[in-house]
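Structural overview for review
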Amino acid sequence: MNLEQWFYSLPLRLRSFFHPNQADEEMKEELHAHLEQQINENIAKGMSAEEARRSAMRAMGGLTQIEQQCRDARGGSVLQDFIQDLRYGFRQLLRSPGLSAMAILCLTLCIGANAAVFSWVEGILFRPYPLVAHQERLFAVSATVQGEGGLDELSWPDFLDLRRNCTLCDDSFVTSITGSTLNIGDHAEVTTGSIVSANYFDAIGVHPILGRGFEADEDVGEGSHPVVVISYQMWRNRFKGDREIIGKRQRLNNVPHTIIGVAPEGFYGTFVGRAMEFWVPVSMEGIFRSGGYKLEDRGARWVESYVRLRPGVSRAQAQQQISAIAARLQKEYPVTNRGRGIGIWPLWQTPFNHARTMGPTLEVMVVVVAFVLLIACANVSNLLLVRSFVRRHEMSVRLAIGASRGRLLKQLLTEGLILAALGTAGGSLIAYCCRHLLVMLLPEGRAMYLPGAIDDRVMAMSAGICLVVTLIIGLVPAFETRHLDLAGPLKAESGSVVGVRSRGWMRSGLVIFQVCLSFILLVGAALLLESLQRIRHANPGFSTSVAVTGVSVVAADYDVPRAKTFQNELIDRLSGLPGIESATFAAVTPLGYMSFASSPIEVDGDQPAPNEQLEVEYNQVGPGYLATLGIPLLSGREFARSDDENAALVAIVNRTMMMRYWGGQDPIGRRLQVKGRWARVVGVAADSKYESMDETPKSFFYVPLPQDFVREPDLYISTTQPLQSTLAAVLREVHVLDQNLALYEMITLQEQVNRATSPQLVAVTLVSTLGGLALLLAAVGLYGVMSYAVAQSTRELGLRMALGAGAANLLRLVISRGLRLTTGGVLFGAVAALALTRLLGQLLYNVSPHDPVVFGLAVAVMTTTAIFACLLPAWRASRTDPARVLRA
Amino acid sequence: MSKPSDLVQGTLDMLILKILALQPSNGWAISQRLKQISSDVLGVSDGSIYPALHKLEHCGWIRAQWKSSENNRRAKLYSLTPLGRKQLEHETANWNRVSAAISGIVQLKEA
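If you're wondering where the values come from, they're calculated on a predicted model, not measured in any experiment. (Residues numbered from 1 in each chain as written. Chains lettered and ligands numbered in written order. Predicted model: local features only at pLDDT ≥ 70, side-chain atom pairs only at ≥ 80, totals over all residues.)

Turning to the overall build of chain A, a few remarks are in order. A count of helices and strands for chain A gives 29 helices and 22 strands. In summary, chain A has a C-alpha radius of gyration of 37 Å against a globular reference of 29 Å for 888 residues, an excess of more than 25%. Along the first, second and third principal axes, the C-alpha atoms of chain A reach 135 × 75 × 55 Å. Relative to its 888 residues, chain A shows a buried fraction of 44%. (Helix = DSSP H or I, 4+ residues; strand = E, 2+ residues; numbered from the N terminus. Rg over C-alpha atoms; globule rule 2.2 N^0.38 Å. Buried ≥ 20, exposed ≤ 12 C-beta atoms within 10 Å, placed from the backbone.)

This is the structure in structure tokens:
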């Protein structure tokens, strides 16, 4: 139809759609007018009234058919057909409510799982920052370190150089996470906020609803701009939505800050995993992070930043330019920047927030839920197949009275659409309920913020899934009815066994498919479980019973000398307590969020390759650190109280570093250059885990805390007492020294290990849940097929029984048929799993993706489940009454 | 949809268009006219023009209006649209071509 034709026909189509009755009435009126005129004509010709009517009707042809043909000729019938199909479909579903409920439940769960995972992927990886403009052009920036280090943060001067020179970037901004104690009235609360560059709010396109964002000069000058923008939540909850808040003062880390703005509702900052509550300019950095003011130090790396590329600029182009900038910086500042590059990463690979930790889990989840969806489709198809077999009589009748095959197909697709749409609706609801689920699965969950986003893209994805599901579950039964011949089913129901067998391959195929997929999921879940067990019980190289906490001296405004005195006094007091074996401080906790300091090093007698940056991470630790954490000292001595800022510089290296830089020879007494100063090696410590449980042994060294001081290190206590009493004891001692100090959360290092491995825990929980669901679906599928086969072949079973087969034989017969299907599925599944489990890669710790024990276990579980699924049909088969069946 | 079997598909449409090109008519008049000019040869039942009329209307070739007739009865009066006129010309040309070809073949003398 061309446009001109639509011009005439559209009003008609609309009318026949919206007022079908009116159109119908008029059509009837027209036909009757015709009849009447013909009758009058006939009477005029001299016929009797009765004769005239009969003759007119005859000339007309069948009135009802003509009416129907007129209706068909009218447009709008596609929609009317559809509505008719919908009504009919609903009636069909209601006719077998159990089956329909089963199918809808199945689809709801699986589409829900898909929608939830997509909403997490969207909300955590792709569009993690609500209200932030143009997230698709945002890239995270980090330093890349040649050699062992991998990724690191930037320094502020490096960032400024990057911002000045990157012409392909629209904007670049800094946003480093920090904590703060917030003094409200007489109590203090810990909150999370960001240290941001002054252009932050402009760069992300978020405008405060009250007050203003930061001004350009607020980046500059140590501690000279005590201003803060607070979050909407903080404004509502802590300041009761005070509209006069701007200009008021709030103490943050004991420094009064002027509140200059309130962020809009629904803005949570730019850190995956936490909702930010306040933002301060970088000039205030010294107040919020231990280690003092770092804005002028090119070697102090703490800057977490993003760039937004200009429209149309690819990541590769930008990376090229940024690498060139980094290369220039290397030449200009060899002392701090040798071997350091700058890399940009898409948001889902952001190195410094939870996107990177959740990423691999979510990737695996996308595959897993797709599998579960396929299983569900197979299952529902199977259920519908069984029903379509029952309905073949109805189908034949419809074909016989003139329905086209296309019309039947439309009908089947409509029924599929009803199921899929209901499932999608339910699934979206599930996804909505599950959007905060990830946080609940994480051990440190409460403080975290990892919401899924149910946005238009997720909805589009769900709609797409709905369509695919519709096609699959609609077409499979249609495929079965394509050979439907008119005569066969209309004859008496024969109930022959042969007929069942010839149609059975499709159902069997679907069951094998389901078993295959759920076997793969089982293997995946078992591998992850095994991996979690191993990683949780792996030896991190330190004692996991050690308690760790911190004291809020920065918030209490301690300067460096006061902090040093306080640390020594506290250790002395704690060491005297019963039950406490030893106590010490260290700058950074292993496996924690904070990254270790790192430094370019030089070693006597070791010539680095020209381009190689010998950058090694280190920790600043107090006396007795190794003993307290139970890290074996392989050679030499530990640090002592006497290794202070006035003494000669010393260092302890780990075993890997000894092997690498001193060729395995005892390095005691040799020299090591750290940050341009020479220190003497006094000890060798055993290797342990530093940043993650699955890292390979790497070079690492320790320096005494007083020689590279931080004001607020973590406190480690080796104790035999339970955590609660240790906490009470430490708090008491801290308060003896200073009533104003507070203790941070106290946890054991085992808890630290657990938190560091929480992505694995999430993966295990989710994959096991879905694996269980898949197993259940496969069992239901197998049960359905076996039940159906048994119900259809009662004659054959009766015959066998009449010929002397016992109940046990029949039981065995049915179960072995079920097991044959299962074995087929497991075989395919095993082959596929061998290829697919490598996808788990990053999530597996010390477990081969082809672990034979795991595969064996999965086979056992699958087989047991299959036997259980076949038991009931088998039992029914064994109860066949030959006399009754054969007579029937 | 069953069509008058011995009528070439589309021919009925063309005939109706032609009749309406002569003058706007209602359904009954069209069927009478059809019988009259074709002397019942076509064997079209009275009713079967209605589905065709509805189809033509939906194609935008004819237009229907309810008009009161002289004895104060409502009757649906069909008339040709400009689009329908074009279609008629097109189909007539087609018909002439095809029928000329066919009659040419039919009139071949047997050897």
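Let's pick the thread back up.
Within chain B, the secondary structure is distributed over 4 helices and 3 strands. The buried share among the 111 residues of chain B stands at 32%. At a minimum sequence separation of 6, the contacts of chain B that also span at least 24 residues come to 53%. (Contact = placed C-beta atoms within 7 Å.)

So, about the sheet that holds strand 3 (residues 74-80) of chain B. Residue and element names in this part refer to chain B. Within the open sheet, the 3 strands sit side by side as 1-3-2. Their pairing is antiparallel. Strands with a single pairing partner mark the edges of an open sheet, and in this sheet they are strand 1 (25-26) and strand 2 (62-68). Pairing of strand 2 with strand 3, which is carried by 7 bridges, proceeds in the antiparallel orientation. In the sheet register, Trp66 faces strand 3, and the bridge partner there is Lys76. (Pairing = 2+ DSSP bridges.)

Now for the interface of chain A and chain B. Opposite the 22 residues of chain A that make contact, chain B presents 20 residues. Within the residue set of the side of chain A that touches chain B, elements represented by two or more residues are helix 1 (3-18), helix 2 (20-44), helix 3 (49-60) and helix 4 (63-73) of chain A. Of the residues assigned to the side of chain A that touches chain B, the class counts are 10 nonpolar, 8 polar and 4 charged. (Nonpolar A, V, L, I, M, F, W, Y, C, P; charged D, E, K, R; others polar.)

Residue and element names in this part refer to chain A. Mapped onto the elements of the fold, Gly509 is located in helix 19 (residues 497-537). By C-beta crowding, Gly509 is classed as partly exposed, having 14 other C-beta atoms within 10 Å. C-alpha separation for the pair Gly509 and Arg407, spaced 102 residues apart in sequence, amounts to 27 Å.

Looking now at the packing of helix 1 (residues 11-22) of chain B against helix 4 (residues 82-106) of chain B. Residue and element names in this part refer to chain B. The interhelical angle for the contact between helix 1 and helix 4, taken along N-to-C directions, is 125 degrees, at an axis separation of 10 Å. For the element pair helix 1 / helix 4, the angle class is oblique. Every pair of crossing elements has a handedness; the one defined by helix 1 and helix 4 is left-handed. Contacts between helix 1 and helix 4 pair Met14, Leu17, Lys18 and Ala21 from the former with Gly84, Arg85, Gln87, Leu88, Glu91, Thr92 and Trp95 from the latter. Of the residues contributing to the contact of helix 1 with helix 4, the split by class is 5 nonpolar, 3 polar and 3 charged. (Axes fitted to C-alpha atoms, helices over the stretch in contact; angles between N-to-C directions. Parallel < 35°, antiparallel > 145°, perpendicular 65-115°, else oblique. Left-handed = near helix turned anticlockwise from the far one by under 90°.)

The next point concerns the domain arrangement of chain A. Split into domains, chain A comes out as domain 1 (3-75), domain 2 (147-338), domain 3 (357-492 + 499-537 + 757-887) and domain 4 (547-752). With centres defined by C-alpha atoms, the gap from domain 2 of chain A to domain 4 of chain A works out at 28 Å. (Domains from an automatic or database assignment.)

Another aspect to go through is helix 24 (residues 749-756) of chain A. Note on helix geometry: an α-helix contains 3.6 residues per turn, so any two residues three or four positions apart are oriented the same way. Inspection of helix 24 of chain A places A:Leu749, A:Val753 and A:Ala756 among the buried residues, and these make up the whole buried set. With its buried residues spanning 65 degrees around the axis, helix 24 of chain A presents them on a single face. (Arc of directions from axis to C-beta.)

With that settled, the discussion passes to the pairing of strand 3 of chain B. Looking down a regular strand, the side chains alternate between one sheet face and the other. Here strand 1 of chain B pairs with strand 3 of chain B via 2 bridges, running antiparallel. Each residue of the ladder has a partner; that of B:Ser25, found in strand 3 of chain B, is B:Tyr78.

All names here are of chain B. Remark: helix 2 (residues 27-38) packs on helix 3 (residues 49-59), axes separated minimally by 11 Å, with the N-to-C direction vectors making an angle of 115 degrees. Viewed along their axes, helix 2 and helix 3 form a crossing whose handedness is right-handed. On helix 3, the residues that touch Gly27, Ile30, Ser31 and Leu34 of helix 2 are Ile49, Tyr50 and Leu53. Among the residues forming the contact of helix 2 with helix 3, the class breakdown is 5 nonpolar, 2 polar and no charged.

What follows is about the confidence of the model for chain B. Residue and element names in this part refer to chain B. Per-residue pLDDT for chain B has a mean of 80; in total, 82% of the residues score no lower than 70. Across residues 1-6 the pLDDT falls below 50, and counting only partners more than four positions away or on other chains, this stretch makes 10 contacts in the model. Across the predicted assembly, pTM comes out at 0.73 and ipTM at 0.85. (pLDDT = per-residue confidence, 0-100.)

Time to look at the nonpolar core. All names here are of chain A. Within the largest apolar cluster, 175 residues are counted, with the highest numbers of intra-cluster contacts made by Leu107, Val372 and Ala774. Looking at which domains feed residues into this core, each of domain 2 (147-338) and domain 3 (357-492 + 499-537 + 757-887) gives three or more. Not counting residues up to four positions away in its chain, the partners in contact with Ala774 are Phe371, Val372, Ile375, Leu517, Ser518 and Leu521. (Core = buried A, V, L, I, M, F, W, Y, C linked by C-beta atoms within 7 Å.)

For chain A, per-residue confidence averages 84 on the pLDDT scale, and residues scoring 70 or more make up 92% of the total. Mean pLDDT across the secondary structure elements of chain A bottoms out at helix 18 (residues 487-490) of chain A, with 52, and peaks at strand 17 (residues 650-654) of chain A, with 94.

Right, let's get into unusual backbone geometry. Residues and elements named next belong to chain A. Unlike most non-glycine residues, Leu131 shows phi in positive territory, near 75 degrees. Relative to the helices and strands, Leu131 resides in the loop between helix 6 (97-126) and strand 1 (138-145). Here the phi dihedral of His134 falls at roughly 50 degrees; this positive angle occurs in a residue that is not glycine. By the secondary structure assignment, His134 is in the loop between helix 6 and strand 1.

Let's shift gears to helix 3 of chain A. Relative to the 16 Å expected for 12 residues at 1.5 Å per residue, helix 3 of chain A spans 17 Å between its end C-alpha atoms, a close match to the ideal helical length. Note on helix 3 of chain A: the residue one or two positions beyond its end, A:Gly61, has a positive phi of about 90 degrees. (Expected span 1.5 Å × (residues − 1).)

What follows is about the environment of A:Tyr744. All names here are of chain A. In this structure, Tyr744 sits in the loop between helix 23 (723-737) and strand 22 (747-748). C-alpha of Tyr744 to C-alpha of Asn40: the two residues are 704 residues apart in sequence and 103 Å apart in space. Aside from chain neighbours lying at most four places away, what touches Tyr744 is Thr549, Gly550 and Ser552.

Now for the pairing of strand 17 of chain A. All names here are of chain A. When you tally the buried positions in strand 17, you get 5 out of 5 residues, the bulk of the element. Of the two faces of strand 17, the one carrying Val650, Ile652 and Asn654 and the one carrying Ala651 and Val653 are both buried. In the sheet, strand 17 pairs with strand 19 (residues 677-685) via 5 bridges, with the strands oriented parallel. Bridging across to strand 19, Ala651 finds its partner in Val681. Pairing of strand 17 with strand 20 (residues 700-704), which is carried by 2 bridges, proceeds in the antiparallel orientation. For Ile652, the partnering residue across the bridge sits in strand 20 and is Tyr702.

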